[in-house]
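An overview of the molecular structure
Read off the chains here:
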Amino acid sequence: MRPNRRLVLIAVAVAAVAGALVALLTAPKEADAQTTRVVARGLTVPWELAFLPDGRALVTERGGRVLVLARGMRTRRSAGRIATRASGEGGLLGITLDPGFARNRLVYAYRTLGNDNQVVRARFSGNRLRDARVIVRGIRAAVVHNGGRITFGPDGALYIGTGDSGPGGLAQTADSLNGKILRLSGDAARGDGGRPETVSSGHRNVQGLAWQPGTNRLFATEMGETDRDEVNAITEGANYGWPLARGDDRGEDGSFATPAWDTGSGNVAPSGATFVTGRNAWNGDLVFGTLRGRHLHRLSFDGDRVTGSFVSLAGRFGRIRTVVQGPDGRLYLLTSNRDGRGNPVRGDDRIVRVTPPSR
Ligand SMILES: [Ca+2]
């Protein structure tokens, strides 16, 4: 190589390194401030993650398997299967622990079985799920809009997010369990089960449920049709409008509740959500995964009013089904790239650990 040519190449290389350095220093602060690490690989459409008191975690896979991940998530084993028969968006979906899990070892899961969505209770003992029985039935199943997120509230009751069961859905049908947020008392959940009561109605497809620390207010993410995905602050007895109204539309008689935040003309398919706690810069913010959006979304709040909307990890890990905060204060994302709508890469589906930026 002629010396002057070599000099040019060196100059180009130096410029490239300098350029990358400048790009790194001037990148959006949020992208710099968080760190990510893939902690588990090779899952098949994981849907929900629940940390156990000993630091291990249960993960549902939509096909019906429940996994037990060791602390740190490097190894895992099967805790068994919960029978499910599903097509489309149905399957084994949410899982949550009883508030008294340390004593009673009870866990709850949401599944699709043919034309029915159900809540099942089981006991996690000896690393296996045992004695599974149905405690809620009669949530109509469909190819799409099956809901599926479940969580216990500060009142000790079990809250269930459902979907409208697709076109011509049931969100405005008062005696249907579909298109609602439902509540089953803790006693019924631990006992014989029963028909849950309706907390709120007019939901298209509730995919995330999160309790706001301090206020104990329930927030729910909901997928819009082609626009206006919503984050709703849930009020007992309120009707959130679907399918008669969406976004800020209060309907003809002005009776529908409007969202705390919506995507406007856009559409990201928001899914599982959690409020971040602890000594970090995201403390008090709501984070949720997005499927179509393929990013982690974060909303900041003043009380129940949304003050900011932030996107991170855009395109980095593909479709994100949910985000859960671990006992270590970090966030754990489940990818959903093998659900038939993604572009799986080697290692999918994955669990990604995100360390929020420090204050
Ligand atoms: Ca609405």
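Reading guide: rules and limits
Residues numbered from 1 in each chain as written. Predicted model: local features only at pLDDT ≥ 70, side-chain atom pairs only at ≥ 80, totals over all residues. Helix = DSSP H or I, 4+ residues; strand = E, 2+ residues; numbered from the N terminus. Rg over C-alpha atoms; globule rule 2.2 N^0.38 Å. Buried ≥ 20, exposed ≤ 12 C-beta atoms within 10 Å, placed from the backbone. Contact = placed C-beta atoms within 7 Å. Pairing = 2+ DSSP bridges. Axes fitted to C-alpha atoms, helices over the stretch in contact; angles between N-to-C directions. Core = buried A, V, L, I, M, F, W, Y, C linked by C-beta atoms within 7 Å. pLDDT = per-residue confidence, 0-100.

Quick notes on the overall build of the protein
Assigned secondary structure in the protein consists of four helices and 24 strands. Computed over the C-alpha atoms, the radius of gyration of the protein is 22 Å, within 12% of the 21 Å expected from 2.2 N^0.38 for a compact globule of 359 residues. In terms of principal-axis extent, the alpha carbons of the protein reach across some 85 × 55 × 40 Å. Expressed as a percentage of its 359 residues, the buried residues of the protein come to 47%. Of the contacts formed within the protein by residues at least 6 apart in sequence, a portion of 52% connects residues at least 24 apart.

Description of the sheet that holds strand β20 (residues 296-302)
Backbone hydrogen bonds are what pair the strands of a sheet, in a parallel or an antiparallel way. Here we have four strands laid out as an open sheet, ordered β18-β19-β20-β21, and antiparallel in their pairing. Because the sheet does not close on itself, it has two edges, and the strands there are β18 (270-275) and β21 (305-312). Taking the axes of each pair of neighbouring strands and ignoring which way they run, one obtains an average angle of 25° across the sheet. In this structure, strand β19 (residues 286-290) lies alongside β20, joined through four bridges in antiparallel fashion. Bridging from a neighbouring strand, G289 pairs with L296 of β20.

As for the sheet that holds strand β15 (residues 217-222)
In space, the four strands of this open sheet follow the order β14-β15-β16-β17, with antiparallel pairing throughout. Edge positions in the sheet fall to β14 (206-212) and β17 (261-262), since each has one partner strand and no second. One ladder, built from two bridges, connects strand β16 (residues 230-233) with β17; its direction is antiparallel. By the bridge assignment for β17, V231 is matched with W261.

Quick look at the nonpolar core
In terms of nonpolar packing, the biggest core is built from 77 residues, with L158, Y159, F219, V287, V323 and L333 touching the most fellow members. The residues contacting L333, other than those within four sequence positions of it, are G289, L296, F317, I320, V323, I351, V352 and V354. The next biggest cluster of nonpolar side chains, apart from the first, holds six residues, and it includes L170, A171, F256 and A257.

Points about the pairing of β21
The pairing of β20 with β21 spans seven bridges and is antiparallel. Residue pairing across strands places H297 opposite V311, the latter belonging to β21. Here β20 folds back onto β21 in antiparallel fashion, the turn holding two residues, of which G303 has a positive phi close to 65°.

A short note on the pairing of strand β9 (residues 128-140)
Strand direction decides the pairing type here: strand β8 (residues 116-125) and β9, joined by eight bridges, are antiparallel. For V119, the partnering residue across the bridge sits in β9 and is V136. Linking β8 back to β9 in an antiparallel pair, the connection comprises two residues, with G126 at a positive phi of about 60°.

With respect to the confidence of the model for the protein
Residues at a pLDDT of 70 or more form 91% of the protein, whose mean pLDDT is 92. Mean pLDDT values over the elements of the protein span from 49, in helix α2 (residues 29-33), up to 99, in strand β11 (residues 158-161). Below a pLDDT of 50 lies the segment residues 19-29, which in the model reaches one contact outside its immediate sequence neighbourhood of four places, other chains included.

A few points about unusual backbone geometry
The step from W242 to P243 runs through a cis peptide bond, and the omega angle for that step is 0°. Cis geometry is found at the peptide bond from D348 to D349, where omega equals -10°. Looking at the element boundaries, D349 is found in the loop between β23 (331-335) and β24 (351-355). Of note, D131 is a non-glycine position whose phi angle comes to about 55°, a positive value.

Topic: the environment of L52
Structurally, L52 can be placed in the loop between β2 (46-51) and β3 (57-61). Residue classification places L52 among the partly exposed residues on the basis of 18 C-beta atoms within 10 Å. For the pair L52 and F101, spaced 49 residues apart in the sequence, the C-alpha separation amounts to 8.5 Å. Setting aside anything within four residues of it in sequence, one finds L52 in contact with A57 and L58.

Regarding the environment of A40
Along the chain, A40 falls in strand β1 (residues 35-40). Spatially, the C-alpha atoms of A40 and F219 are 28 Å apart, while their sequence positions differ by 179 residues. Not counting residues up to four positions away in its chain, the partners in contact with A40 are L69, M73, R350 and I351.

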